[in-house]
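Residue-level structural notes
Spelled out, the chains give:
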Amino acid sequence: MSTETQGSDDDLREEISNFLRRNFPQIQMHGGSAAIQDLDRETGEVTVALGGACSGCGISPMTIQAIKSRMVKEIPEIEQVNASTGMDGGGAGDAGFGGGGMSPSFPGEGGGDDDEGPEAPF
């Protein structure tokens with residue numbers, strides 16, 4: 001891969017990460033994470049993995065649908081979005097946000113004294 005192609009891939013990865021942060025702040029606010037697992041610029045296909053609190057969350061399917069429909073409309077280079085939660089055994093991506101791995105977290109893990117889990121922002 002040429003340096004120019006690598007640079008444009010990096011730019012597109014950054015654009016996708018910014019899109020996720022800007023349009024789906026609730027992922028991070030609720031203790032989840034989103035990461036780009038794979039990007040094929042030639043086919044316009046991206047694979048996004050939702051993890052952390054997204055794994056097993058009841059509204060994750062709606063979030064995934066929203067990501068799929070909005071990303072192809074807002075980022076011209078993207079023609080197809082594959083997205084899933086960590087429940088299917090996917091690994092961590094390389095351009096995520098939200099900090100943390102792709103496995104679910106449970107109240108009481110992490111050594112904190114608080115056993116309530118993440119606090120809702122409302």
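Residues numbered from 1 in each chain as written. Predicted model: local features only at pLDDT ≥ 70, side-chain atom pairs only at ≥ 80, totals over all residues. Heavy atoms only, no water.

Here we come to the overall build of the protein. Counting its secondary structure elements, the protein contains 3 helices and 3 strands. For the protein, the proportion of its 122 residues judged to be buried stands at 34%. Contacts in the protein between residues at least 24 apart in sequence constitute 62% of all its contacts with a sequence separation of at least 6. Only carbon and sulfur atoms are counted for the fraction: they give 48% of the accessible area of the protein, which is about 7,200 Å². (Helix = DSSP H or I, 4+ residues; strand = E, 2+ residues; numbered from the N terminus. Buried < 20%, exposed > 50% of the residue type's maximum accessible area, 1.4 Å probe, protein only. Contact = heavy atoms within 4.5 Å. Areas by Shrake-Rupley, 256 points an atom, 1.4 Å probe, with all protein chains shown as cover.)

A surface patch of negative charge is lined by D10, D11, E15 and E77. Positionally, E15 belongs in helix α1 (residues 3–23). (Patch = residues over 30% accessible without salt bridge, like charges linked within 9 Å, V, L, I, M, F, W, Y side chains within 5 Å. Salt bridge = Lys/Arg side-chain N within 4 Å of Asp/Glu carboxyl O. Lys, Arg positive; Asp, Glu negative; His and termini not counted. Charge placed at Lys NZ, Arg CZ, Asp CG, Glu CD.)

With 7 of 8 residues buried, strand β2 (residues 45–52) is to be regarded as a mostly interior element. Counted between consecutive antiparallel strands, the loop separating strand β1 (residues 32–40) from β2 contains 4 residues, among which G44 sits at a positive phi close to 75°. Bridge count for β2 against strand β3 (residues 80–85) is 6 bridges, and the pairing is parallel. Residue pairing across strands places V48 opposite A83, the latter belonging to β3. Taken together, β2, helix α3 (residues 60–74) and β3 form a β-α-β motif whose crossover is right-handed. (Pairing = 2+ DSSP bridges. Right-handed = clockwise from strand over helix to strand, strands pointing away.)

On average, residues of the protein score 77 in pLDDT, and 64% of them reach the 70 mark or higher. Note that residues 89–117 has pLDDT below 50 and, in this model, 47 contacts with residues that lie over four places away or in other chains. (pLDDT = per-residue confidence, 0-100.)

Attention now goes to the pairing of β1. Sheet topology places β1 next to β2; 8 bridges connect them, and they run antiparallel. Bridge assignment links D40 to a residue of β2, and that residue is E45.

Looking now at the side chain of S60. Within the element layout of this structure, S60 appears in helix α3. Here S60 falls in the buried class, since its relative accessible area comes to 5%. Those residues in contact with S60 that sit more than four places away from it in its chain are C54 and T85.

A sheet is described by the order of its strands in space; here 3 strands give the open sequence β1-β2-β3, paired in mixed fashion. The sheet is open, and its two edges are formed by β1 and β3, each paired on a single side. Each adjacent strand pair in this sheet contributes to an overall mean axis angle of 20°, direction not counted. Sheet strands in contact with α3 are β2 and β3, and its direction is about 160° off that of β3. (Axes fitted to C-alpha atoms, helices over the stretch in contact; angles between N-to-C directions.)

Bringing the pattern of salt bridges into the picture now. For the structure shown, the criterion picks out 2 salt bridges. With a shortest N-O distance of 3.7 Å, E14 and R21 are connected by a salt bridge. Relative accessible area serves as the criterion here: at 43%, E14 is assigned to the partly exposed category. Residue classification places R21 among the partly exposed positions, given a relative accessible area of 34%. Between R70 and E74 there is a salt bridge; the shortest N-O distance is 3.8 Å. In this pair, R70 and E74 are both assigned in helix α3, 4 residues apart and thus about one turn of the helix distant.

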